[in-house]
Amino acid sequence: MSNASSPYSSSVGSPIPLDTAAKWTKKYQQEHPEFDEDGVAQEPTYATFFGRKAIKKLMKRWGKRCVGIRIYQGIDDTDPTTTNRRRVVLVAVDKHGNDLLDVSKCEDGSVDSPVLDNGTTCPDHCSDDSPLVH
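Calculation criteria
- Sequence order as written defines the numbering, with residues in each chain counted from 1.
- Given that this is a predicted model, residues contribute local features only at a pLDDT of at least 70 and side-chain atom pairs are listed and counted only at 80 or more, while totals for whole chains, interfaces and linings are drawn from all residues.
- As a rule here, side-chain values cover all heavy atoms of the structure and leave hydrogens and water aside.
- Runs of E in the DSSP output that reach at least two residues are strands. Runs of H or I that reach at least four are helices, and both are numbered from the N terminus.
- For the exposure calls, accessible area comes from a 1.4 Å probe over protein chains only, and a residue counts as buried if that area is under 20% of its type's maximum, exposed if over 50%, partly exposed in between.
- Surface exposure here means Shrake-Rupley accessible area, sampled with a 1.4 Å probe, where a residue is shielded only by the protein chains that are shown.
- When DSSP locates at least two bridges between a pair of strands, those strands are taken to pair.
- In this analysis, two residues are considered to be in contact whenever any of their non-hydrogen atoms come within 4.5 Å of each other.
- Fitted lines through C-alpha atoms serve as axes, helices being fitted only where they are in contact, and the angles separating the N-to-C directions of these axes extend from 0 to 180 degrees.
- When a carboxyl oxygen of Asp or Glu lies within 4 Å of a side-chain nitrogen of Lys or Arg, that pair is called a salt bridge.
- Here, the term disulfide refers to a pair of cysteine sulfur atoms separated by no more than 2.5 Å.

A closer look at the overall build of the protein chain
Looking only at helices and strands, the protein chain features two helices and five strands. Reading the protein chain from its N terminus to its C terminus gives the helix and strand order α-β-α-β-β-β-β. Seen through its C-alpha atoms, the protein chain measures out along the principal axes to roughly 50 × 35 × 25 Å. Within the span of the protein chain, comprising 134 residues, buried residues form 25% of the whole. For the protein chain, the accessible surface area stands at approximately 9600 Å², while carbon and sulfur atoms represent 53% of it.

So, in structure tokens, the structure goes:
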């Protein structure tokens, strides 16, 4: 299999039309409202922001072994102030599609966790003028 056709190539991913993205995010946000029919807060997560430095650090620590990032969906049930809030967990991935998790193999000698979370979430912190926020 050539690298260009690999599902784990560093070039995987492509632009989609903004109107398509807006349609998808609108549907998701409508199906996961901030409040239920009784007015009870639902703690939805519509988007998560991660800083450039944090993403670059996650990828750089693995050197050329890292060809991209996988984003896992999760539910945080550890915070008593929220009810099962949706979270995303980012992990570096190699050219074979394997998650890079063994910190003893980090090229930068880092012993930090090999996963990234704690981004800033929307609806608490959203773009003010994005067609992706409804």
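Section: the sheet that holds strand β3 (residues 85–93)
Here we have three strands laid out as an open sheet, ordered β2-β3-β4, and antiparallel in their pairing. Only two strands of the sheet have a single partner each, and these edge strands are β2 (68–76) and β4 (115–116). Together, β2, β3 and β4 form the strand contacts of helix α2 (residues 52–60), whose direction differs from that of β2 by roughly 115°.

Some points on the pattern of salt bridges
Using the criterion set out here, one finds four salt bridges in the structure. For the salt bridge of Asp 117 with Arg 87, the shortest nitrogen-to-oxygen distance reads 3.1 Å. With a gap of 30 residues between them, Asp 117 in the loop between β4 and β5 (120–122) and Arg 87 in strand β3 connect regions that are remote in the sequence.

A short note on the pairing of β3
Burial within β3 is extensive, with seven of its nine residues counted as buried. By the bridge criterion, two bridges tie β3 to β4 in an arrangement that is antiparallel. Bridge pairing in β4 places Val 91 opposite Val 115.

Here we look at the state of the cysteines
Applying the stated criterion across every chain yields a total of one disulfide. Disulfide pairing places Cys 122 opposite Cys 126 at an S-S distance of 1.8 Å. On the sign convention where negative is left-handed, the bridge of Cys 122 and Cys 126, at about 90° about the S-S bond, is right-handed. By relative accessible area, which is 27% here, Cys 126 ends up partly exposed. Left unpaired, Cys 66 is separated from the closest cysteine sulfur, that of Cys 106, by 11 Å.

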